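Secondary and tertiary structure notes
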Amino acid sequence: MTIAAEGRNLIRDYEIPGSIFRGSSSVRAVKGISFSVERGKTLAIVGESGSGKSTLARIIALIDPATEGELLIEGKPVDIARQKPTRDMRSTVQMVFQNPYGSLNPRQKIGDVLTEPLALNTNVPAAERRKRAEEMLEKVGMPREVYNRYPHMFSGGQRQRIAIARALMLNPTLLVLDEPVSALDLSVQAQVLNLLADLQAEFDLAYVFISHDLSVVRYIADDVLVMHKGEAVEQGTRDEVFADPKHPYTRQLFAATPVTDVEAIRARVASRQAARASAQS
Ligand SMILES: Nc1ncnc2c1ncn2[C@@H]1O[C@H](COP(=O)(O)OP(=O)(O)O)[C@@H](O)[C@H]1O
Ligand SMILES: [Mg+2]
């Protein structure tokens, strides 16, 4: 068992600038959260809008510093406020965002989207960069011809596949996925979730998977962390948390999610898996 990432009592304050009427102040968006996620496993972070999920995601993805607390990536402490992370450490953790329309530059060809991380962070020569990008496109279920096209030619689900491919170009061990399927139609959600499960198995990836959707969490999570107003109000394995939610907020969250949604998404996923299995055999 290898721990991909670990957080110890992470805190994040946002400074709110003052006005002529009042001085500056700060809000504590993350209030002391601890977690760990192993290679090959998924930690789902669930909570309603404004609970601090994206703030925590950006800390784990080495985009924003924590105000206090410790973050360890593969056992090594990282404090980006004091020391810029090395290229290696940056490559280790990659992020996928919710909005597949906003996260791809409309003027950049898909090939450039995928080869750019290699060009910026490695000495891999151009021909090899192209080869790796084309191979990655196939891994995410896109034809190689996509290499010369622009993002506007693709649907939301296809763009999210491309964004996932880009995130994988530097061989990360951890993906932080912030609501990666929330903007997609339900049937497309199931396809992208299946893809993520396949990629996780193939590359032994750890996922920190942010979602407000319990049916998605139930499907993909090994462990669950429920956030409410910046705190982790519940933490445990998926089965523990779903079978016996302890905190009133978790119960309330669960009560608001009809069970049929869970069954429906499971059924969709199962039927797709069956279809793919029979197509392969
Ligand atoms: N850049 C920022 N400056 C000030 N406050 C912020 C900033 N980003 C988020 N917040 C506040 O932090 C809290 C948590 O936000 P966020 O992490 O985006 O939650 P979630 O992703 O769960 O919706 C919210 O109250 C939000 O208004
Ligand atoms: Mg968010």
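Residues numbered from 1 in each chain as written. Chains lettered and ligands numbered in written order. Predicted model: local features only at pLDDT ≥ 70, side-chain atom pairs only at ≥ 80, totals over all residues. Heavy atoms only, no water.

Here we take up the overall build of the chain. For the chain, the helix and strand inventory stands at 10 helices and 10 strands. Taking 19 Å as the expected radius of gyration for a compact globule of 281 residues, we find that the chain reaches 19 Å, a close match to that expectation. Dimensions along the principal axes, computed over C-alpha positions, put the chain at roughly 55 × 45 × 45 Å. When burial is assessed residue by residue, the chain has 46% of its 281 residues classed as buried. Of the contacts formed within the chain by residues at least 6 apart in sequence, a portion of 69% connects residues at least 24 apart. (Helix = DSSP H or I, 4+ residues; strand = E, 2+ residues; numbered from the N terminus. Rg over C-alpha atoms; globule rule 2.2 N^0.38 Å. Buried < 20%, exposed > 50% of the residue type's maximum accessible area, 1.4 Å probe, protein only. Contact = heavy atoms within 4.5 Å.)

Mapped onto the elements of the fold, Arg-159 is located in helix H5 (residues 156–168). Among the polar contacts listed, one links the side chain of Arg-159 to the backbone oxygen of Pro-151, at a separation of 3.3 Å. Once residues lying within four places of it in the same chain are set aside, the contact partners of Arg-159 are Pro-100, Tyr-101, Leu-104, Pro-151, His-152 and Phe-154. (Polar contact = N/O pair within 3.5 Å; in protein donor to acceptor, adjacent residues only side chain to side chain.)

The next thing to look at is the packing of aromatic side chains. Here the structure, examined in full by the defined rule, presents 1 aromatic pair. The cationic tip of Arg-130 hangs over the ring face of Tyr-147; the distance from NZ or CZ to the ring centre is 4.0 Å. (Phe/Tyr/Trp six-rings, centres within 6.5 Å; stacked < 30°, edge-to-face > 60°. Lys NZ or Arg CZ within 6 Å of the ring centre and 35° of its normal.)

So, about the environment of Glu-234. Looking at where Glu-234 falls in the secondary structure, it is placed in strand S10 (residues 231–237). Note: C-alpha distance between Glu-234 and Gln-200 (34 residues apart in sequence) is 25 Å. Beyond its immediate stretch of four places on either side in the chain, Glu-234 contacts Val-224, Leu-225, Val-226, Val-241, Asp-244, Pro-245, Lys-246, His-247 and Thr-250. In terms of polar contacts, Glu-234 uses its side chain to reach the backbone amide nitrogen of Lys-246, at 2.6 Å. A distance of 2.9 Å separates the side chain of Glu-234 from the backbone nitrogen of His-247, its partner in a polar contact.

Once that is clear, we can look at the site of ligand 1. Every residue lining ligand 1 is accounted for by Tyr-14, Ile-16, Ala-29, Glu-48, Ser-49, Gly-50, Ser-51, Gly-52, Lys-53, Ser-54 and Thr-55. Tyr-14 places a side-chain nitrogen or oxygen 3.5 Å from a nitrogen atom of ligand 1. Taking Gly-50, its main chain carries an N or O atom lying 2.6 Å from an oxygen atom of ligand 1. Calculation on ligand 1 without its partners gives an accessible area of 560 Å², and the protein chains cover 57% of this total. Those elements giving two or more residues to the shell around ligand 1 turn out to be strand S1 (3–16) and helix H1 (53–60). Class assignment of the residues belonging to the shell around ligand 1 gives a composition of 3 nonpolar, 6 polar and 2 charged. (Near = heavy atom within 4 Å. Areas by Shrake-Rupley, 256 points an atom, 1.4 Å probe, with all protein chains shown as cover. Nonpolar A, V, L, I, M, F, W, Y, C, P; charged D, E, K, R; others polar.)

Now for the pattern of salt bridges. In this structure the tally under the stated criterion is 14 salt bridges. For Glu-6, the salt bridge goes to Arg-8, with nearest N and O atoms at 3.2 Å. Arg-8 sits in the partly exposed class, given a relative accessible area of 36%. Measuring nitrogen to oxygen at the nearest pair gives 2.8 Å for the salt bridge that ties Lys-139 to Glu-202. Of this pair, Lys-139 sits in helix H4 (residues 126–139) while Glu-202 is found in helix H6 (residues 186–203), placing the two residues 63 residues apart along the sequence. Accessibility expressed as a relative area gives 37% for Lys-139, which makes it partly exposed. Each of Arg-130, Glu-134, Glu-138 and Arg-144 takes part in salt bridges that share partners, so that together they form one network. (Salt bridge = Lys/Arg side-chain N within 4 Å of Asp/Glu carboxyl O.)

What follows deals with helix H3 (residues 110–121). Every buried residue belonging to H3 is among Ile-110, Gly-111, Val-113, Leu-114, Thr-115, Pro-117 and Leu-118, and all of these are buried. Next to the buried residues of H3 lie H4 and H5.

Next up on the list: the nonpolar core. Counting residues in hydrophobic clusters, the biggest one holds 50 residues, and the most contacted among them are Leu-114, Ile-162, Ile-164, Leu-199, Ile-220 and Val-224. Considering every element that reaches this core, the biggest residue donor is H6, with 6 residues. Setting aside its immediate chain neighbours within four residues, Leu-114 contacts Ala-133, Leu-137, Ile-162, Ala-165, Arg-166 and Met-169. (Core = buried A, V, L, I, M, F, W, Y, C linked by side-chain atoms within 4.5 Å.)

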